[in-house]
Amino acid sequence: MRTIIVGGVAGGMSAATRLRRLDEQAEIIIFERSGNVSFANCGLPYYLGEYIPRKDLVLQTPKSLGARFGLDVRVRHEVTSINTSTQTVSVHNLDDDVVETISYDHLILSPGAQPVRPPIPGIELALTLRNVEDAERIYDAAASASQVIIIGGGFIGLEVMENLVAKGIEVTLVEATNQIMPPMDYEMVTPVQERIKARGVNLLLGQSVVEISASGVALSTGEKLDADLVIAAIGVRPDNA
């Protein structure tokens, strides 16, 4: 019996290792689009601030998972279509640019989420933080940046802000609602907002970014801000394409 799992990291790998414990003979193949199938999601912002070294972000590799659990883990492989009548998937090897059709007896979908990228002109210029490759891109870009604008005052936006400020970078955080961490009560976040301002962050609440350019952003108020780097931390949606 062959089980194919689409997506690794927390969901996919938890399913794979649990299945192995239930069935020692099952053939289990995991396809992961990114270059890492098991990494510390929560540590990504703290790699930016150099609190966590790059080597500590990756928890397991295809080789270690194969040796320990007998899993066939294939990174840089994207499942592009599913044919339920023939019980096959089409898999694109992103390194070799080869598409292969593979059959399955059972199929588990665990693609996770993707960053929200609203239709703001120039949104493609903003970086997002979702995986190790994203963290490396932001880390490299921040090395030569003196001014960074972060869009979004949720947990990821705040953690990225914290780590960039620790590196001495001037940060502006733009949040469309009237408070950071919108799910929380205003009374709870007020002292946090004051602490953020005290650390020198330019905290703009009740404003939104309406355009992004190579030199900065334009706000809903009509104001324009310069920036060397723009990071979008607006939230996530299911990656179910």
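Residue positions within a chain follow its written sequence, with the count starting from 1. Confidence filtering applies because this is a predicted model: local features only for residues at pLDDT of at least 70, side-chain atom pairs given and counted only at 80 or more, and all residues used for totals across whole chains, interfaces and linings. The basis for the side-chain values is all heavy atoms of the structure; hydrogens and waters are excluded.

(A) How the structure looks around unusual backbone geometry. In this structure, arginine 76 takes a positive phi of about 55 degrees despite not being glycine. Secondary structure elements are defined from DSSP: runs of H or I of at least 4 residues count as helices, runs of E of at least 2 residues count as strands, and each element is numbered from the N terminus. With respect to the secondary-structure elements, arginine 76 resides in the loop between strand E5 (72–75) and strand E6 (77–83). Phi angles above zero are rare outside glycine, and aspartate 97 is one such case at about 55 degrees. Here aspartate 97 lies in the loop between strand E7 (88–93) and strand E8 (98–103).

(B) Region of interest: the packing of aromatic side chains. Note on ring pairs: Phe, Tyr and Trp rings are taken, using the six-membered ring of Trp, and paired if centres are within 6.5 Å. Classes follow the plane angle, with under 30 degrees stacked, over 60 edge-to-face and the rest tilted. The tally for this structure, following the rule as stated, stands at 2 aromatic pairs. Centroid distance tyrosine 47 to tyrosine 139: 4.8 Å. Interplanar angle 20 degrees. Geometry classified as stacked. Taken together, the residues tyrosine 47 in helix H2 (residues 44–48) and tyrosine 139 in helix H4 (residues 132–142) connect sequence positions 92 residues apart. Partly exposed describes any residue whose relative accessible area lies between the buried limit of under 20% and the exposed limit of over 50%, with all areas from a 1.4 Å probe on protein chains only and scaled to the type maximum. Accessibility expressed as a relative area gives 10% for tyrosine 47, which makes it buried. Since its relative accessible area comes to 23%, tyrosine 139 is described here as partly exposed. Distance and angle both matter: a charge sits over a ring if NZ of Lys or CZ of Arg is within 6 Å of the ring centre and within 35 degrees of the ring normal. Seen from the ring of tyrosine 139, lysine 167 lies directly overhead, with NZ or CZ sitting 4.5 Å from the centre.

(C) The arrangement of the layout of surface pockets in detail. Any residue with an atom within 4 Å of a point lines the site, the site being either a cavity, points on a 1 Å grid over the protein atoms alone where a 1.4 Å probe fits but cannot get out, or a pocket, an open set with protein on both sides within 12 Å along at least 5 of 7 lines. Grid points are joined across faces, edges and corners, and a volume is the space filled by probe spheres set on the points. In this structure, the largest pocket spans a volume of roughly 980 Å³. Around the largest pocket, the lining is made up of 38 residues, and of these Arg33, Pro111, Gly112, Ala113 and Asp239 lie nearest the centre. For the lining of the largest pocket, the secondary structure elements donating two or more residues are helix H1 (9–22), strand E2 (27–32), E6, strand E10 (113–115) and H4. It is E6 that contributes the most residues to the lining of the largest pocket, 6 residues altogether. Grouping the amino acids of the lining of the largest pocket by side-chain chemistry returns 12 nonpolar, 16 polar and 10 charged. Put simply, the second largest pocket is a space of about 380 Å³. Considering the residues around the second largest pocket, the lining is formed by 21 residues, among which Leu129, Arg130, Ile156, Gly235 and Val236 are closest to the centre. For the lining of the second largest pocket, a count of residues per class yields 14 nonpolar, 5 polar and 2 charged. Residue type decides the class: Asp, Glu, Lys and Arg count as charged, Ala, Val, Leu, Ile, Met, Phe, Trp, Tyr, Cys and Pro as nonpolar, and the leftover types, Gly among them, as polar.

(D) Inspection of the side chain of threonine 3 at higher detail. Of note, threonine 3 is situated in strand E1 (residues 2–6). Two residues qualify as a contact provided that any one of their heavy atoms is within 4.5 Å of a heavy atom in the partner residue. Aside from chain neighbours lying at most four places away, what touches threonine 3 is Leu19, Glu27, Ile28, Ile29, His106 and Ile108.

(E) Spatial organisation of the pattern of salt bridges. The salt bridge definition used is simple: a Lys or Arg side-chain nitrogen within 4 Å of an Asp or Glu carboxyl oxygen. Overall, the coordinates contain 10 salt bridges when judged by the stated rule. Between arginine 33 and aspartate 239 there is a salt bridge whose closest N-O contact spans 2.5 Å. Of this pair, arginine 33 sits in the loop between E2 and strand E3 (38–39) while aspartate 239 sits in the segment after strand E18 (236–238), placing them 206 residues apart in sequence. Arginine 33 gets classed as partly exposed once you look at its relative accessible area, which sits at 41%. Note that aspartate 134 and arginine 137 form a salt bridge whose closest N and O atoms lie 2.5 Å from each other. Here the residue aspartate 134 and the residue arginine 137 both occupy positions in helix H4, the gap between them amounting to 3 residues, near one helical turn. By relative accessible area, which is 9% here, aspartate 134 ends up buried. Overlapping salt bridges bring together Arg33, Glu78 and Asp239 as one network.

(F) Here's a closer look at the pairing of strand E13 (residues 202–205). Strand pairing requires that DSSP identify at least two bridges connecting the strands. Pairing between strand E12 (residues 170–175) and E13: 4 bridges, direction parallel. Pairing of glutamate 175 across the sheet is with leucine 205, part of E13. Considered for its hand, the β-α-β crossover made up of E12, helix H6 (residues 186–198) and E13 is right-handed. Orient the strands so they point away from the viewer; a crossover is then right-handed if the path from the first strand over the helix to the second runs clockwise.

(G) Quick look at the environment of aspartate 105. Looking at the secondary structure, you find aspartate 105 in the loop between E8 and strand E9 (106–109). Aspartate 105 sits 24 residues away from serine 81 along the chain, and the two C-alpha atoms are 16 Å apart. Dropping the residues within four chain positions of it, aspartate 105 is found in contact with Met1, Arg2 and Gln87. Within 3.5 Å is the distance limit for a polar contact, defined as a pair of N or O atoms, with the added protein rule that one can donate a hydrogen and the other accept it, and that residues adjacent in sequence qualify only through two side-chain atoms. Engagement of the side chain of aspartate 105 in a polar contact is seen with the backbone nitrogen of arginine 2, the distance being 2.7 Å.

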